[in-house]
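Coordinates in review
Each chain, letter by letter, is given below.
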Amino acid sequence: MSEAGQTVARKSFSGQFSPEAQEAIRTRALSGNWEVRRLMKVLGELAHFDEVNEKKTRRTMVWMIVLYVLSFLGIFAAAISGEFLGTNLVWLLPPAMLVLAIWQTVLYRKLKKQDLINDFRTCLRPVLRDLANDLDPEQKLRVQMDLSGPVDRKKTNERPAPPGNYVKGKEHTFKDPWCEVRLPLVDGATAVLQFDTTWIRLNVTKRNRRGKTKFKTKWRKECVARATLMPPEAVRWDEASLQARMDPRLEKVKLVEKDGVMCARMERFWRFKGSGDAPGDAPPGREVVGLLLRLHGAMMPSTEVGS
Amino acid sequence: MSCMASAGLLVLRGCGQPAIGACPQCGKALCAMHMAGGMCTDCMALSGGFNDSEAGREAAMRQNYYSTYGGENEFGAATYFTPGDRASVTPGTAGMAPPHQDDYDPFDT
């Protein structure tokens, strides 16, 4: 398929989606006030787009490598077959392969630029699905999501890599508070979920035993999910049970005052590693729901205050 | 009479739809949706059965969450983290250490 054909195919593929999903794909962001069903539908569309896009990216990368290899081997093949066939036309083969390989490279870069972070489909979507029956159908969810992942504008720090077995290296840090979602619950309370990710990319140049220079990229992804439960009126928080129910190595809990009402906040930490590409792993949605479940379980009626 | 089957995960409450029968195990009044499996979805989830309906899936999920994090009756019981959860954590991560004070080895895959 020609490049124009590919573009048409891509347009028609994203054209299958709702206008909101198309806008989110274009801007790699989603925000506003949403009904839960509508939001779930748009997130479903985005998840489908992201999965298909990832498959296409992988396939394009394989073709790109194959075509570069073939264009190199084509030089030898042309030299040998040219001798037997007595024609110079076979010499057109290697440059043709090279042009195709370059075209695949351009396509690969375009697809990579469209890629969305996986966290919204592997973490946030299951959370919303599990909490769907607890959300007030009369009220809208306030959502602010940045799905672009570690891009240059989020780079906050660049420094020499920590000491290690390599010639030179640089470490880049990207701060990515990618999601804040405000969930009105049926009992009048409001749950706020915030997801902050810090991406750390390490680019190093190594020399192996044979003296060859190798380039390597390593990624570390540190995620924090912060759940805040805001009751509709003054309540008493069972702090002892919250402390007993948290894992102090990965979680923190504290009470915070918002608009004169005491709220409880719990956060949990995860860390993922990857090499080459940024890690696609995300916090399990189940563990994020667990934060809210424990917070809600520690909320006690204000009538019991001082009893 | 209205359906007494449980709905929700954080805010556990009665379903509230008009009842058409009762669960043979616990005697709860049930609506048509919650009667679909022959018994209430909570009893079915407790007996390990699986009712392939929205209500059945919700009950199974709720049961699963409560057994992990503790339900109303198990408030304060400290069995919320599996051995797998604990094993996945290295001692270096205690207290959510800041990024540059941990055991990060750039060549450790």
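Here the structure is a predicted model, which means the values were calculated and not measured.

**Details of the overall build of chain A**
- For chain A, the helix and strand inventory stands at seven helices and 10 strands.
- The C-alpha radius of gyration of chain A comes to 26 Å, more than 25% above the 19 Å expected for a compact globule of 307 residues.
- In terms of overall dimensions, chain A has C-alpha extents of about 100 × 50 × 25 Å along its principal axes.
- For chain A, buried positions account for 48% of its 307 residues.
- In chain A, the proportion of contacts linking residues at least 24 apart, taken out of those at least 6 apart, comes to 69%.
- Carbon and sulfur atoms make up 55% of the accessible area of chain A, which totals about 16000 Å².

**What to know about the packing of helix H5 (residues 119–131) of chain A against helix H7 (residues 285–297) of chain A**
Residue and element names in this part refer to chain A.
- The geometry of H5 relative to H7 is characterised by a closest axis approach of 8 Å and an angle of 50 degrees between their N-to-C directions. Considering their axes alone, H5 and H7 lie oblique with respect to each other. Considering the relative orientation of H5 and H7, their crossing is right-handed. Of the residues in H7, those touching H5 at Thr122, Cys123, Val127, Asp130 and Leu131 are Gly285, Val288, Val289 and Leu292.
- Class assignment of the residues belonging to the contact of H5 with H7 gives a composition of six nonpolar, two polar and one charged.

**Regarding the packing of H7 of chain A against helix H2 (residues 54–69) of chain B**
- For the pair H7 of chain A and H2 of chain B, interaxial distance at closest approach is 11 Å and the crossing angle is 70 degrees. Viewed along their axes, H7 of chain A and H2 of chain B adopt a mutual orientation that is roughly perpendicular. The two elements H7 of chain A and H2 of chain B cross, and the hand of that crossing is right-handed. Taken together, the residues of H2 of chain B that come into contact with H7 of chain A (itself represented by Gly285, Arg286, Glu287, Val289, Gly290, Leu293 and Arg294 of chain A) are Asn64, Tyr65, Tyr66, Thr68 and Tyr69 of chain B.
- Classifying every residue of the contact of H7 of chain A with H2 of chain B by side-chain character gives five nonpolar, four polar and three charged.

**Let's talk about the packing of aromatic side chains**
- This structure, assessed with the given rule, holds five aromatic pairs over all chains.
- A centroid spacing of 6.3 Å and a plane angle of 85 degrees characterise the contact between phenylalanine 17 of chain A and phenylalanine 49 of chain A, whose relative ring orientation is edge-to-face. In this pair, phenylalanine 17 of chain A is assigned in the loop between helix H1 (3–14) and helix H2 (19–27) and phenylalanine 49 of chain A in helix H3 (residues 36–85), connecting sequence segments 32 residues apart. Comparing phenylalanine 17 of chain A with phenylalanine 49 of chain A shows no difference in burial state: the two are buried.
- Of the aromatic side chains, those joined through ring pairs into one cluster are Phe174, Trp199 and Trp219 of chain A.
- A cation sits over an aromatic face here: arginine 286 of chain A above tyrosine 65 of chain B, 4.8 Å from the ring centre.

**Thoughts on the nonpolar core**
- Counting 66 residues, the largest nonpolar core has Leu46 and Met145 of chain A as its most contacted members.
- Counting contributing residues per domain, this core is built from domain 1 (1–116) and domain 2 (119–306) of chain A, each supplying no fewer than three.
- Those residues in contact with methionine 145 of chain A, other than ones at most four positions away along the chain, are Ala29, Leu30, Leu43, Phe120, Leu124, Trp178 and Cys179 of chain A.
- Of all hydrophobic cores here, the second largest spans nine residues; its members include Ala5, Cys23, Leu30 and Met44 of chain B.

**Re H7 of chain A**
Residue and element names in this part refer to chain A.
- With 13 residues, H7 extends 18 Å between its outermost C-alpha atoms, agreeing within 8% with the 18 Å of an ideal straight helix rising 1.5 Å per residue.
- Buried residues dominate H7, accounting for 11 of its 13 residues.
- Within H7, burial applies to Gly285, Glu287, Val288, Val289, Gly290, Leu291, Leu292, Leu293, Arg294, Leu295 and His296.

**So, the confidence of the model for chain A**
- When the pLDDT values of chain A are averaged, the result is 88; 93% of them are 70 or greater.
- With pLDDT under 50 throughout, residues 1–9 of chain A is counted as low confidence; its partners more than four residues away or in other chains account for nine contacts.

**Quick look at the domain arrangement of chain A**
All names here are of chain A.
- Per the domain assignment, the segments of chain A are domain 1 (1–116) and domain 2 (119–306).
- Using only C-alpha atoms to locate each centre, domain 1 and domain 2 end up separated by 32 Å.
- Facing 21 residues of domain 1, the contacting portion of domain 2 comprises 18 residues.
- Counting the surface lost from both domain 1 and domain 2, the interface buries some 1800 Å², and carbon and sulfur atoms represent 63% of this.
- It is Arg28, Met40 and Leu43 that lose the most area in domain 1 upon contact with domain 2, and together they represent 27% of the buried surface on that side.
- At the surface where domain 1 touches domain 2, the tally comes to four salt bridges.
- Measuring nitrogen to oxygen at the nearest pair gives 2.9 Å for the salt bridge that ties arginine 121 to aspartate 50.

**Let's talk about the pairing of strand E4 (residues 168–184) of chain A**
Residues and elements named next belong to chain A.
- As paired elements, strand E2 (residues 141–146) and E4 share four bridges and run antiparallel to each other. Considered in E4, the bridge of arginine 142 is made with arginine 182.
- Pairing analysis gives five bridges linking strand E3 (residues 155–160) to E4, with the strands arranged antiparallel. The residue of E4 that forms the bridge with proline 160 is lysine 170.
- Two successive antiparallel strands, E4 and strand E5 (residues 190–207), enclose a turn made up of five residues, where glycine 188 displays a positive phi of approximately 95 degrees.

Conventions we followed
Residues numbered from 1 in each chain as written. Chains lettered and ligands numbered in written order. Predicted model: local features only at pLDDT ≥ 70, side-chain atom pairs only at ≥ 80, totals over all residues. Heavy atoms only, no water. Helix = DSSP H or I, 4+ residues; strand = E, 2+ residues; numbered from the N terminus. Rg over C-alpha atoms; globule rule 2.2 N^0.38 Å. Buried < 20%, exposed > 50% of the residue type's maximum accessible area, 1.4 Å probe, protein only. Contact = heavy atoms within 4.5 Å. Areas by Shrake-Rupley, 256 points an atom, 1.4 Å probe, with all protein chains shown as cover. Axes fitted to C-alpha atoms, helices over the stretch in contact; angles between N-to-C directions. Parallel < 35°, antiparallel > 145°, perpendicular 65-115°, else oblique. Left-handed = near helix turned anticlockwise from the far one by under 90°. Nonpolar A, V, L, I, M, F, W, Y, C, P; charged D, E, K, R; others polar. Phe/Tyr/Trp six-rings, centres within 6.5 Å; stacked < 30°, edge-to-face > 60°. Lys NZ or Arg CZ within 6 Å of the ring centre and 35° of its normal. Core = buried A, V, L, I, M, F, W, Y, C linked by side-chain atoms within 4.5 Å. Domains from an automatic or database assignment. Expected span 1.5 Å × (residues − 1). pLDDT = per-residue confidence, 0-100. Buried area = accessible area lost by both parts, 1.4 Å probe. Salt bridge = Lys/Arg side-chain N within 4 Å of Asp/Glu carboxyl O. Pairing = 2+ DSSP bridges.

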